[in-house]
Amino acid sequence: MKLYCKVVALALCLALLLLLYLFVGSDADEPPLKAAAGGSRPARASSSSRPGGDFAAAGRFRPVQAAEEREEEEEAAAAAAAAQAQVSKREPRLHRKTGRRGAARGKFANVRRPKDQKHSAAPLSSPQWMHLAVVACGDRLEETLVMLKSAVLFSYRKLKFHIFAEDSLKPEFERKLQEWPPSYTKKFEYNVYPIAFSVGNAQEWKKLFKPCAAQRLFLPTILKDVDSLLYVDTDVLFLRPIDDIWGFLRAFNSTQLAAMAPEHEIPKIGWYSRFARHPYYGVTGVNSGVMLMNLTRIRNAQFKNSMIPTGLAWEEMLYPLYQKYKNYITWGDQDLLNIIFYFNPECLYLFPCQWNYRPDHCMYGSNCKGAEEEGVSILHGNRGVYHDDKQPTFKALYEVIRDFPFEDNLFQSMYYPLQSKFLDTVHTLCGRIPQVFLKQIERTMKKVYESRVIVNVGANFRL
Ligand SMILES: *[C@@H]1O[C@H](CO)[C@@H](O)[C@H](O)[C@H]1NC(C)=O
Ligand SMILES: *[C@@H]1O[C@H](CO)[C@@H](O)[C@H](O)[C@H]1NC(C)=O
């Protein structure tokens, strides 16, 4: 009984300490908070730039867990993909011992990577880098920069940006990216490439769909040294670390070489199922705005097709395929991708709708189950919704990320403005489910706080 009381008392004390820390920490402790939240480098904040007691705590975690972590890192990558649901379960709890261990795992698995890189001076093609490609033409400069900002803001591992742009935009990109603060720029490297088509008639490809979009079909042949790549449209915003979608690569089975989300959740109102005059993948087709690719596999595969009985290599197939279907396709390269995966369904990994969340998922009522459960992971504001007033919820997210002062506090300068902007969107169907849009951002902020609390309390406790 006595022991029981002691345990309860101790637990209460601990809880109180945690609470105190949380509140005091979030008010009085601005600068470190900013470093952690604003740069949103929980990884860095908790590993390299932490002074004093924190350092001690981190040091203590390391040797004990190093071996275990390495295994877990592998595991985590594979598991991350299939089991985002479990990610939320594994998420650290504030008041449990298991929570602390969980946090140490989750956090430190991620923390380790950038540090390891310093020692091994990994080459650019190393799988430790995450590669992100975008094609920006016309007036998409600002949109692209906001997308890249969201990528750096939430991700843990280092990123390599491959930006394909018209020549006139190149100096602008370079100038803008150099204006970003060091806490951001040290997280990525980038290349700006000219628009180029490796096969067929360049003018014809350029006309396909919107200017330059067909470029993405040629990424496997242009980026020969890159193993895997996430391609996104310029109108995409990341609401959680890219590390998480990158994990799907490890979940591919032996025949899968690309991953996309369905074009629609409900066949009855899907575009392909109603209007397409060409073959398309699955029941509703796929949307190519967020496309994860194992380029190595794409380069090595032979694709079945409707033109010749034997398989064709990716590059050999594109132009004949385009010639054959060009009078039937409406959405350009996305249609071509749908045709390709219609004939090769075993090559595609289908990820759920929260990884490519579009107005279609809420404008007729919420129909993306995954997003209702765990929030939007990647937002895709297609049809120009960031720039008009048709979907104010999407526009609000775009503006808040665009206007977020780079090294500021996430709560004050992102979350609160977002909430107040959302109040003006409740007259729309998308605006009635703000939680769906906020959940992942909340989770990210929570992780930043918890990593500080846990590490610090851990240090005090050992003294
Ligand atoms: C891509 O596929 C190749 C060949 O199967 C494989 O060696 C490589 O590890 C894969 N990349 C990733 C990131 O899974
Ligand atoms: C990989 O998964 C796809 C999609 O579920 C399936 O069609 C294909 O047969 C699988 N490949 C292997 C080798 O199991």
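Quantities reported herein were computed from a predicted structural model and do not represent experimental measurements. (Residues numbered from 1 in each chain as written. Chains lettered and ligands numbered in written order. Predicted model: local features only at pLDDT ≥ 70, side-chain atom pairs only at ≥ 80, totals over all residues. Heavy atoms only, no water.)

### Things to note about the site of ligand 1
In the vicinity of ligand 1, the contacting residues are Asp227, Ser228, Leu249, Asn294 and Arg297. Contact between ligand 1 and Asp227: a nitrogen atom at 2.7 Å from a side-chain N or O atom of the residue. Asn294 places a polar side-chain atom, nitrogen or oxygen, 2.3 Å from an oxygen atom of ligand 1. Taken together, the residues of the shell around ligand 1 sort by class into one nonpolar, two polar and two charged. (Near = heavy atom within 4 Å. Polar contact = N/O pair within 3.5 Å; in protein donor to acceptor, adjacent residues only side chain to side chain. Nonpolar A, V, L, I, M, F, W, Y, C, P; charged D, E, K, R; others polar.)

### Re the site of ligand 2
Residues in contact with ligand 2, as listed here, are Asn253, Ser254, Thr255, Gln256 and Glu346. Here an oxygen atom of ligand 2 sits 2.3 Å away from a polar atom, N or O, in the side chain of Asn253. A distance of 3.1 Å separates an oxygen atom of ligand 2 from a polar side-chain atom of Gln256.

### What to know about the nonpolar core
Counting residues in hydrophobic clusters, the biggest one holds 71 residues, and the most contacted among them are Leu132, Leu230, Phe238, Phe351, Tyr357, Leu379 and Phe437. Per-element tally for this core: the top contributor is helix α7 (residues 141–154), with nine residues. Not counting residues within four places of it along the chain, the set of residues in contact with Phe437 comprises Leu239, Tyr357, Cys362, Val376, Leu379, Thr393, Phe394, Leu397, Phe422 and Cys430. With 44 residues, the next largest nonpolar core counts Tyr193, Cys212, Phe218 and Ile329 among its residues. (Core = buried A, V, L, I, M, F, W, Y, C linked by side-chain atoms within 4.5 Å. Buried < 20%, exposed > 50% of the residue type's maximum accessible area, 1.4 Å probe, protein only. Helix = DSSP H or I, 4+ residues; strand = E, 2+ residues; numbered from the N terminus. Contact = heavy atoms within 4.5 Å.)

### Focus on a nonpolar patch on the surface
Judged by side-chain polarity, Ile266, Ile269 and Tyr364 come together as a nonpolar surface patch covering roughly 260 Å² of accessible area. Checked against the element boundaries, Ile266 lands in the loop between β6 (258–262) and α14 (271–275). (Patch = residues over 30% accessible without salt bridge, like charges linked within 9 Å, V, L, I, M, F, W, Y side chains within 5 Å. Areas by Shrake-Rupley, 256 points an atom, 1.4 Å probe, with all protein chains shown as cover. Salt bridge = Lys/Arg side-chain N within 4 Å of Asp/Glu carboxyl O.)

### With respect to the pairing of strand β2 (residues 159–165)
The side chains of a regular strand alternate, first on one face of the sheet and then on the other. Burial runs high along β2: seven of the seven residues are buried. The two faces of β2 match: Leu159, Phe161, Ile163 and Ala165 on one face and Lys160, His162 and Phe164 on the other face are all buried. Sheet topology note: the strand β1 (residues 130–136)/β2 ladder contains seven bridges and is parallel. For Ala136, the partnering residue across the bridge sits in β2 and is Ala165. As paired strands, β2 and strand β3 (residues 188–193) are joined by six bridges and run parallel to one another. Across the sheet, Lys160 pairs through a bridge with Glu189, a residue of β3. (Pairing = 2+ DSSP bridges.)

### What to know about the pattern of salt bridges
Tallied over the full model, the rule gives 18 salt bridges. The partner of Arg140 in a salt bridge is Glu143, with the nearest N and O atoms 2.6 Å apart. When its relative accessible area of 25% is taken as the criterion, Arg140 is described as partly exposed. A salt bridge links Arg402 to Asp403, with the shortest nitrogen-to-oxygen separation between them at 2.9 Å. With relative accessibility at 31%, the residue Arg402 sits in the partly exposed group.

### Brief notes about the packing of helix α19 (residues 392–403) against helix α20 (residues 410–422)
Interaxial distance between α19 and α20 falls to 10 Å at its minimum, and their mutual angle equals 155 degrees. When the axis of α19 is compared with that of α20, the two are roughly antiparallel. The two elements α19 and α20 cross, and the hand of that crossing is right-handed. Contacts between α19 and α20 involve Thr393, Ala396, Leu397, Glu399, Val400 and Ile401 from the first element and Ser413, Met414, Pro417, Leu418, Lys421 and Phe422 from the second. Looking at the contact of α19 with α20 residue by residue, the classes come out as eight nonpolar, two polar and two charged. (Axes fitted to C-alpha atoms, helices over the stretch in contact; angles between N-to-C directions. Parallel < 35°, antiparallel > 145°, perpendicular 65-115°, else oblique. Left-handed = near helix turned anticlockwise from the far one by under 90°.)

### Thoughts on the confidence of the model for the chain
Close inspection of predicted coordinates is inappropriate in any region flagged by low pLDDT. The share of residues in the chain with pLDDT of 70 or more is 68%, and the mean pLDDT across the chain is 77. Below pLDDT 50 for its whole length, residues 22–126 participates in 149 contacts with residues either more than four positions away or in separate chains. (pLDDT = per-residue confidence, 0-100.)

### Observations regarding the packing of aromatic side chains
Following the criterion strictly, the structure yields 25 aromatic pairs and no others. Measuring from centroid to centroid gives 5.9 Å for Phe411 and Tyr415, while their planes differ by 85 degrees, and the two rings are edge-to-face. Here Tyr415 and Phe411 lie together in helix α20, a separation of four residues that amounts to about one turn. Taking relative accessible area as the criterion, Phe411 reaches 25% and is therefore assigned partly exposed. Through successive ring pairs, a cluster of aromatic residues spans Phe161, Trp180, Tyr184, Phe188, Tyr190 and Phe406. One residue, Lys149, lies across the ring of Phe406, its end atom 4.4 Å from the ring centre. (Phe/Tyr/Trp six-rings, centres within 6.5 Å; stacked < 30°, edge-to-face > 60°. Lys NZ or Arg CZ within 6 Å of the ring centre and 35° of its normal.)

### Examining helix α17 (residues 333–343)
Within α17, ten of the eleven residues are buried, leaving the element largely enclosed by the surrounding structure. All of the buried residues in α17 are Asp333, Gln334, Asp335, Leu336, Leu337, Asn338, Ile339, Ile340, Phe341 and Phe343.

### Quick word on the environment of Glu399
Relative to the helices and strands, Glu399 resides in helix α19. The class for Glu399 is buried, based on a relative accessible area of 18%. Spatially, the C-alpha atom of Glu399 lies 9.0 Å from that of Val146, the residues being 253 residues apart in sequence.

### Describing the sheet that holds β6
Sheet architecture is open: seven strands sit in the order β3-β2-β1-β4-β7-β6-β8, paired in mixed fashion. This sheet does not close on itself; its edge strands, each paired only once, are β3 and β8 (348–350). On average, adjacent strands in this sheet sit at an angle of 25 degrees to one another, irrespective of strand direction. Together, β6, β7 (286–294) and β8 form the strand contacts of α17, whose direction differs from that of β7 by roughly 65 degrees.

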